[in-house]
Amino acid sequence: MSDPLLAIRDLSLGLRVDGAMRPILENVNLTMSRGEAFGLVGESGSGKSMTVRCITRLLPPGAAVGGEIVLNGRSILPMSRRELRQVRAQSVQMIFQDPRAHINPVRTVGDFLTEALRSVQGFNAKVAEKRVIEILESVWISDPKRRLKQYPHELSGGLLQRVMIASALAAEPELLIADEATTSLDVTTQAEVVALLDELRRERKLGLLFITHDLELAAAICDRTGVMYAGSLVEVQRSATLHERPLHPYTLALLAARPSLAQRARLMTVAGSPVSLAEAPPGCPFVPRCAYQQPECHAARPRPRPFGEGETACLRVGDVLSTSRTLQDEVPS
Amino acid sequence: MSEYAGGTWAPVGLYAGTLGRVARRLARHDPILMIAALVLVLVVLGVVLAPLLAPYHPNQIDLTATYQGPSTMHLFGTDALGRDIFSRVLYGGRAPLLGSALIVLIATGSGVVLATTAVWLGGGIDSFLSRAFDIGFAFPGLLLAILAVGVFGTGLVAPVCALAVAYTPYIARTTRSVALRERTKPYVEACSVQGLSGLAICLRHILPNVFPFVMVQATVSFGYAMIDLASLSFLGLGVQPPGSDWGLMVSEGQPAILAHHPEESLFAGLAIVLTVIAVVMVGERRGALLASEAR
C-alpha cells in the first residue's frame, strides 16, 4: 500500500442547515491503492455520497470540511479553484446516478462528450471527435458516429449511462467514482454497466470507488467494501470476507436482511430506523438498534480500528464474530 | 468546428427552426397568436419597406390639400400641412420599432450578463445585484428617460439609452429566477466535475437553457418599450418635427381632432396600439406555451 491513490484521513463534514451547522461526516478514514475497486455501502443518508463529494469538492456553499484528502500525493482540500479544476479534469471523474439529469438536455451527445476535451484539454474538434468515437466503442456503444449527433432524449437510460462513463473515461482519470451509477437502471442494463465498469477498471488500471446500497453488487466487483453508518465507516473488509465474517453488527443485520431464494421466509429487517450523525447518541451511533450493546458502547464514539485484515468500529467484535459463525453453520452454502 | 458542434446553438435553432411547424400547430390550437404574429409581420414589413410602399414623401407639403379625409389619393387622408398620413404612418414606425429593438437588445444583453453573473457567483454578489435589480425595478423608466432627455437633449439616443437601463432589471430579474433553477440542475454539477470553467458552463450550458424564457421576456418588453417611446414623443421629448413618429403624430394631430379631422392622431394611435398588442400577445402566448411545455 505504498503511495496510495487516495487517502482520506479523519474526514469530517458539516453543512449549514437553517443557519446551524449540522454534522454529516465524522472520522472517515479510507485508503485506496491504484487500480483497486472499493465499494462504499450504506443506507440513504449514511454519508456515502457526501464522502465522495468531498473528494471532488462538490459541496454546497457553507460546507465545513475537516481532515485531509490526498489524491495522487496531492492534498485536495487546500487547493485553489484553478488547481481543483485541473484535478477534476484529469485525475478524478464521477459518474452519477441519473444520467438523464446529469447531461444537458439541449446539447448533442457529441457536444457533451467533446466539450471537456476541447475546452479543458485543448484538443481541436477533429481529434476530440476521433478520441470520443474510440472511447464510445470501448464502452460497447454501437454506431458511435450516429450517437454523436443524437440528443440525450433519443437514447435509453443504459445507453446514456454508458455515454456518461465514456465522458468520464475521456479525461483518462486515475480514480473513477460511480455514485449509485447503476441504481436507476433496470436489472439487465445494470448488469451490463457493472460488467463494463469492471472490465474498464482492469484494462485501464483505474481506481474505482463504487457507491451502492446493494451489498452483493459491491461484493461482485469490489476488492474491498466499506460500510457506512451515520456518517462514518463502521467496517472495512475484503468483500468476500465481509460477507462470510462481518465485523460489525450493522453489517450483520444488513446481511441478514437480504432476501434469500433458498428460504422463502419472512424478510428480516434491521430493527429501528437509521439515524443521521446529527441525531446519533454520544456513544456508538448504532447503539439504539444493536443487539450486542454493552454499557461501554454508550460511553464514547468508538473509532474504527484494525481487526484482522479489515477495520471495525465495533467494541464487541468478539460477540459479533461468534454470531456470524453460527450464522454460517445455519445457512448451508 | 465539427459538423455537430452547431449543437451549441441548438436551442436557438430550435426556436427558429420549429417555427414553421409551430406556426401550423398554432393555427389550429392558438389562432390568436397566429393573428398577432401576422399583424406584427405586416407592420414590420410596412415600416421596413416604407420607401417602396409609401405613395408620397412623408414630408411633402401640399397646402392646397390640407385636412382631407381618406380617399383613393390619400388612403388615410392628409394632415394640417397636406402631408399624406399613410406615408407618414409607414415612415413614422421606423423610430419606435428601431428604438424599441435597441432598448430590448441592450437591456437583454446587460440583463442576462448581470443575472447570470449573480446566479453563478452567488452569495453576497447575488444579494447585492438582486437588491440593485429591485431598486431599478422600482424606479419608473419613463422618469429616467425624461431625466436623460433633460440632460442630453431630445432625439432618439437619450431616451433609448435611458430606457435600456430602465429595462435591464426587468430582464435581469426573470433571467435570474430561471437561471437559478437551471444552476441547481445536476448537469451543471456534472460539468464542473469535468473541470469546465464557470464561464464555459454559463455560456454553453446555462444560457442556452435560459434562452427561450429570456426571449419571451424580451418580446413583452419590446411592447412596453414602444409605449414608453411613444409617450416621450407625444410629450415632444423624442423625435422632433418635421420627422415622423407615431407618438409625435398623435400629439400633432390633436388640434385637428376638434376640427373633426381625427385622421392623423387616429391612424398613428392605431398603429401604436395594434403593434403593441400584437407584440405583447406573441410574447405572452409564447410564454404560456413554454410554461405548459415545462410542466
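The rules behind each value
Residues numbered from 1 in each chain as written. Chains lettered and ligands numbered in written order. Predicted model: local features only at pLDDT ≥ 70, side-chain atom pairs only at ≥ 80, totals over all residues. Heavy atoms only, no water. Helix = DSSP H or I, 4+ residues; strand = E, 2+ residues; numbered from the N terminus. Buried < 20%, exposed > 50% of the residue type's maximum accessible area, 1.4 Å probe, protein only. Contact = heavy atoms within 4.5 Å. Areas by Shrake-Rupley, 256 points an atom, 1.4 Å probe, with all protein chains shown as cover. Pairing = 2+ DSSP bridges. Axes fitted to C-alpha atoms, helices over the stretch in contact; angles between N-to-C directions. Buried area = accessible area lost by both parts, 1.4 Å probe. Salt bridge = Lys/Arg side-chain N within 4 Å of Asp/Glu carboxyl O. Nonpolar A, V, L, I, M, F, W, Y, C, P; charged D, E, K, R; others polar. Left-handed = near helix turned anticlockwise from the far one by under 90°. Patch = residues over 30% accessible without salt bridge, like charges linked within 9 Å, V, L, I, M, F, W, Y side chains within 5 Å. Phe/Tyr/Trp six-rings, centres within 6.5 Å; stacked < 30°, edge-to-face > 60°. Lys NZ or Arg CZ within 6 Å of the ring centre and 35° of its normal. Core = buried A, V, L, I, M, F, W, Y, C linked by side-chain atoms within 4.5 Å. Expected span 1.5 Å × (residues − 1). Arc of directions from axis to C-beta.

Enquirer: Please set out the overall build of chain B residue by residue, giving values where relevant.
Expert: Scanning chain B for helices and strands turns up 14 helices and 0 strands. Reading the secondary structure of chain B in the N-to-C direction produces α-α-α-α-α-α-α-α-α-α-α-α-α-α. When the 295 residues of chain B are sorted by exposure, 49% land in the buried category. Of all intrachain contacts in chain B linking residues separated by at least 6 positions in sequence, the fraction that spans at least 24 positions is 69%. For chain B, the accessible surface area stands at approximately 14000 Å², while carbon and sulfur atoms represent 72% of it.

Enquirer: Quick rundown of the sheet that holds strand 10 (residues 232-238) of chain A? Include the residues and the values.
Expert: Residues and elements named next belong to chain A. The 8 strands lie next to each other as 6-7-8-3-9-10-12-11, forming an open sheet whose pairing is mixed. Edge positions in the open sheet fall to strand 6 (92-95) and strand 11 (305-307), since each of these has one partner strand only. Between one strand axis and the next, the sheet turns by 25° as a mean value, whatever way the strands run. Those strands touched by helix 11 (residues 249-256) are strand 9 (224-229) and strand 10, and its axis lies near 100° from that of strand 9.

Enquirer: Can you lay out the interface of chain A and chain B for me, pointing to particular residues and giving the numbers?
Expert: Counting from both sides, the interface comprises 32 residues of chain A and, opposite them, 23 residues of chain B. Across the chain A/chain B interface, buried area totals approximately 2500 Å², and carbon plus sulfur atoms make up 55% of it. On the surface where chain A and chain B come into contact, there are 2 salt bridges. Of all elements in the fold, only helix 2 (81-90), strand 6, helix 3 (99-102), helix 4 (109-119), helix 5 (125-138) and helix 6 (144-149) of chain A reach the threshold of two or more residues within the side of chain A that touches chain B. For the side of chain A that touches chain B, a count of residues per class yields 15 nonpolar, 8 polar and 9 charged.

Enquirer: Summarise the pairing of strand 6 of chain A; cite the residues concerned and give the values.
Expert: Residue and element names in this part refer to chain A. Burial along strand 6 is two-sided: the face carrying Val92 and Met94 and the face carrying Gln93 and Ile95 are both buried. Direction of pairing for strand 6 relative to strand 7 (residues 175-179): parallel, over a ladder of 4 bridges. Residue pairing across strands places methionine 94 opposite isoleucine 177, the latter belonging to strand 7.

Enquirer: With reference to specific residues and values, describe the pattern of salt bridges.
Expert: Side-chain pairs of opposite charge can arise where the charged atoms are in close proximity. Residues and elements named next belong to chain A. Taken as a whole and assessed by the stated rule, the structure comprises 28 salt bridges over all chains. As a salt-bridge pair, aspartate 111 and arginine 107 come within 2.7 Å of each other at their nearest N and O atoms. The partner of aspartate 198 in a salt bridge is arginine 201, and the shortest N-O contact between them spans 3.6 Å. With aspartate 198 and arginine 201 both in helix 8 (residues 187-204) and 3 residues apart, the pair spans about one turn of that helix.

Enquirer: Just give me the short version of the packing of helix 8 (residues 141-152) of chain B against helix 9 (residues 157-183) of chain B, but keep the residues and values in it.
Expert: Describing two packed helices takes the angle between their axes plus the distance from one axis to the other. All names here are of chain B. One way to put it is that helix 8 packs onto helix 9 with a least axis distance of 8 Å and a crossing angle of 145°. The handedness of the crossing between helix 8 and helix 9 comes out as right-handed. Residue-level inspection shows Gly141, Leu142, Leu144, Ala145, Ala148, Val149 and Phe152 of helix 8 in contact with helix 9, the latter providing Ala158, Pro159, Ala162, Leu163, Val165 and Ala166. Considered class by class, the residues forming the contact of helix 8 with helix 9 number 12 nonpolar, 1 polar and no charged.

Enquirer: Break down a nonpolar patch on the surface for me, citing the residues and quoting the values.
Expert: Residue and element names in this part refer to chain B. Among the surface-exposed residues, Val41, Val44, Leu45, Val48, Leu49, Leu52 and Leu53 lie close enough to one another that they form a single nonpolar patch of about 620 Å² accessible area. Listed by contribution, the elements that provide at least two residues to the nonpolar patch are helix 3 (31-48) and helix 4 (50-53). Looking at the nonpolar patch, the element that brings in the most residues is helix 3, giving 4 residues. Relative to the helices and strands, leucine 53 is located in helix 4. With a relative accessible area of 46%, leucine 53 lands in the partly exposed category.

Enquirer: Explain the pairing of strand 2 (residues 20-32) of chain A to me, and be specific about the residues and the numbers.
Expert: Residues and elements named next belong to chain A. Where strand 1 (residues 6-17) meets strand 2, 9 bridges bridge the pair, whose relative direction is antiparallel. Note on strand 2: the bridge partner recorded for glycine 14 is proline 23. Remark: 2 residues form the turn of the hairpin made by strand 1 and strand 2, two consecutive strands paired antiparallel; aspartate 18 in that turn has positive phi of roughly 50°.

Enquirer: Tell me about the packing of helix 6 (residues 94-121) of chain B against helix 7 (residues 123-138) of chain B, residues and numbers included.
Expert: Residue and element names in this part refer to chain B. Orientation of helix 6 relative to helix 7, taken along the N-to-C sense of each, is 145°, at an axis distance of 7 Å. Relative to helix 7, the crossing made by helix 6 is left-handed. Contact residues: helix 6 offers Leu114, Ala115, Ala118, Val119 and Leu121, while helix 7 offers Gly123, Ile125, Asp126, Leu129 and Phe133. Residue composition of the contact of helix 6 with helix 7, grouped by class: 8 nonpolar, 1 polar and 1 charged.

Enquirer: Residue-level account of the environment of serine 110 of chain B, with values.
Expert: By the element assignment, serine 110 of chain B lies in helix 6. Taking the C-alpha atoms as reference, serine 110 of chain B lies 6.4 Å from threonine 168 of chain B; in sequence the two are 58 residues apart.

Enquirer: So what about the side chain of serine 46 of chain A? Which residues, and what values?
Expert: Residues and elements named next belong to chain A. Turning to its location among the elements, serine 46 is positioned in the loop between strand 3 (37-42) and helix 1 (48-56). Classification of serine 46 by relative accessible area gives buried; the value is 4%. Discounting chain neighbours no more than four positions away, the residues touching serine 46 are Met228, Tyr229, Ala230, Gly231 and Ser232.

Enquirer: Explain the packing of aromatic side chains to me, using residue names and the numbers behind them.
Expert: Here the structure, examined in full by the defined rule, presents 7 aromatic pairs over all chains. Judged by centre distance (4.5 Å) and plane angle (55°), the ring pair of tyrosine 229 of chain A and tyrosine 250 of chain A falls under tilted. One end of the pair, tyrosine 229 of chain A, is in strand 9; the other, tyrosine 250 of chain A, is in helix 11, with 21 residues separating them in the sequence. For the residue pair tyrosine 229 of chain A and tyrosine 250 of chain A, the accessibility class agrees, reading buried in each case. Pairing tyrosine 250 of chain A with phenylalanine 286 of chain A gives two aromatic rings, centres 5.3 Å apart and planes at 65°, and the pair type is edge-to-face. Of this pair, tyrosine 250 of chain A sits in helix 11 while phenylalanine 286 of chain A sits in the loop between helix 11 and helix 12 (295-299); the two residues are 36 residues apart in sequence, bridging distant segments of the chain. As far as burial versus exposure is concerned, tyrosine 250 of chain A and phenylalanine 286 of chain A are alike and both buried. An aromatic cluster of at least three residues, connected via ring pairs, comprises Tyr229, Tyr250 and Phe286 of chain A. Note that arginine 173 of chain B overlies the ring of phenylalanine 137 of chain B, its terminal NZ or CZ placed 3.9 Å from the centroid.

Enquirer: I'd like to hear about the nonpolar core, residue by residue, with values.
Expert: Counting residues in each nonpolar core, the largest one holds 75 residues, and the members touching the most others are Leu6 and Leu175 of chain A. Element by element, the count of residues in this core is highest for helix 7 (residues 157-170) of chain A, at 9 residues. Sequence-distant contacts of leucine 175 of chain A, that is, excluding residues within four places in its chain, are made with Leu5, Leu6, Met32, Ile55, Leu71, Ser91, Val92, Gln93, Gly207, Leu208 and Leu209 of chain A. Counting residues in hydrophobic clusters, the runner-up holds 59 residues, among them Ala36, Val160, Val250 and Phe267 of chain B.

Enquirer: I'd love a proper account of helix 3 of chain B, names of residues and values included.
Expert: Residue and element names in this part refer to chain B. The end-to-end C-alpha distance of helix 3, which contains 18 residues, comes to 26 Å, matching closely the 26 Å that a straight helix rising 1.5 Å per residue would cover. When helix 3 is considered as a whole, its buried residues turn out to be Leu33, Ala36, Leu40, Val43, Gly46 and Val47. Taken end-on, helix 3 shows its buried residues confined to a sector of 160°, consistent with a single buried face. Of the exposed residues in helix 3, those oriented more than 90 degrees away from the buried face are Ile35, Leu38, Leu42 and Val48.

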